[in-house]
Amino acid sequence: MDPSAETLSFSSIAAADIEAFARQKEKIVTAVTDHLFRCDVLASTLADTEKARLARECVKIFTENFLATVKYQLPAALIEYLDWLRGFLRSREFPAAFIPQMISGMRNAVHAFLEDAGSDDICAALRRLRARELGQAREVGA
Amino acid sequence: MIIQEQLRLFVESLRAGDRRRCFMLVREWEQQGLPNELLYNDILIPALVQFGDHWEKNEQGIVEEHVASQVVRQILAYKAVTMEPEATLGRTAMVGCVPDEHHDLASLFMANALEEAGWRVVHYGSSVPVHDIVQAVGHYKPDLLCLTMKSLSCLDATLQLLEQLRATHAGVKVMIGGISQPSMRSILAPHVDVFADSLTHGVQAAGDLA
């Protein structure tokens, strides 16, 4: 197993924060999708209708999977999913920045919509996930 | 003909979208005495895996993958109609997907394989909510509930189902196939009697549970 899968932990995220995330899920999906479509680095990719459709689906599924894996403390399962998604998107010529940007968008959305519930621990987990994704993107680029 | 050659021929016919040729091959191998277990494990399932891999790598479109799934679905339906189980166990298995799971081919394979092993099978497929599965367990009174699961996002509803089942029908054995992640298995383990690692293992494990 990837060592970073072992170090990623969701144990500090409170049940109330997870419930708040679940309540705001639809808003988060919309905000993350908007974030991706505003990214300059993704503009030419998402100008393609089919790739735009895939991007929307990715955000929905990633959000569902993030919620399930945080709720049941399954970081390794989320890492496994992201590893699969990276290969899937690469073969469809998505830029390596897509997943890190999707995670950034989610971090922004969580910060915006979960302010009262306390979003810091979810944002910290997303920051670690993003760092891992950036590392993976660098490896591919190397 | 060796099995690898049979697999190659079947995949080639699927790639061409030639379902008649696929059906003819299956009939031909049936007449030659190819056991269903080999047909499922060494031809149909590996062929589907190949199509899934090619779709994942963008080497073929989603329509080709759906064509392959539909052909296999028809073959399994044919086998379900024509198969003659060797013996009857006098046990009932209810087979289908966990709630929110839409990938139901694995459950079709399992339904056929259990029926061939002598189980009375009730197959409900996919897209059935928690409440209705629990109610159906009360209606059909199965000895075994055999569930298939592929998507992470089904975990929540699956746990709800299992908790309700244990509260209302504690005697029903539960088997789940399709989950390889140890951490996911550990979440479900308190409610599950056995995790099936493969079709063959699932049939054997079901027999042991009975």
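You'll find the structure just up there.
Rules behind the numbers
- Residues numbered from 1 in each chain as written.
- Chains lettered and ligands numbered in written order.
- Predicted model: local features only at pLDDT ≥ 70, side-chain atom pairs only at ≥ 80, totals over all residues.
- Heavy atoms only, no water.
- Axes fitted to C-alpha atoms, helices over the stretch in contact; angles between N-to-C directions.
- Helix = DSSP H or I, 4+ residues; strand = E, 2+ residues; numbered from the N terminus.
- Parallel < 35°, antiparallel > 145°, perpendicular 65-115°, else oblique.
- Contact = heavy atoms within 4.5 Å.
- Core = buried A, V, L, I, M, F, W, Y, C linked by side-chain atoms within 4.5 Å.
- Buried < 20%, exposed > 50% of the residue type's maximum accessible area, 1.4 Å probe, protein only.
- Buried area = accessible area lost by both parts, 1.4 Å probe.
- Salt bridge = Lys/Arg side-chain N within 4 Å of Asp/Glu carboxyl O.
- Polar contact = N/O pair within 3.5 Å; in protein donor to acceptor, adjacent residues only side chain to side chain.
- Nonpolar A, V, L, I, M, F, W, Y, C, P; charged D, E, K, R; others polar.

Colleague: Mind showing me how you'd approach the packing of helix α1 (residues 3-15) of chain B against helix α2 (residues 19-31) of chain B here?
Modeller: Geometrically, a packed helix pair is captured by the angle between its two axes and the distance between the axes. Residues and elements named next belong to chain B. Interaxial distance between α1 and α2 falls to 9 Å at its minimum, and their mutual angle equals 155°. On the basis of their axis angle, the class for α1 and α2 is roughly antiparallel. Contact residues: α1 offers Gln-6, Leu-9, Phe-10, Ser-13 and Leu-14, while α2 offers Arg-21, Cys-22, Leu-25, Val-26 and Trp-29.

Colleague: Explanation requested: the nonpolar core in the structure shown.
Modeller: Among soluble globular proteins, nonpolar side chains are generally buried collectively. Core analysis: the biggest nonpolar cluster contains 74 residues, and Phe-62, Phe-66, Phe-98 and Leu-129 of chain A together with Ile-176 and Leu-188 of chain B have the highest contact counts within it. Setting aside chain neighbours within four positions, we find Ile-176 of chain B in contact with Leu-147, Met-149, Thr-158, Leu-162, Leu-188, Val-192, Val-194, Phe-195 and Ala-196 of chain B. By size, the runner-up hydrophobic cluster in this structure holds 42 residues, among which are Phe-23, Phe-51, Ala-111 and Ala-196 of chain B.

Colleague: I would appreciate a short explanation of the interface of chain B and chain A in the present structure.
Modeller: Reports of interface size often rely on the accessible area that becomes lost once the parts have come together. With 13 residues of chain B at the interface, the matching set in chain A holds 15 residues. Both faces considered, chain B and chain A share a buried interface measuring about 1,300 Å² in area, 60% of it formed by carbon and sulfur atoms. The largest contributions to the chain B side of the interface with chain A come from Glu-56, Leu-152 and Gln-181 of chain B, which together make up 40% of the buried area. Connecting chain B to chain A are one salt bridge. The tally of links from chain B across to chain A stands at eight residue pairs in polar contact (both at pLDDT 80 or more). Residue assignment for the side of chain B that touches chain A shows that the elements contributing at least two residues are α3 (36-56), α7 (155-168) and α8 (182-188) of chain B. Residue composition of the side of chain B that touches chain A, grouped by class: six nonpolar, four polar and three charged.

Interpretation note: all reported values are geometric properties and have no functional meaning in isolation.
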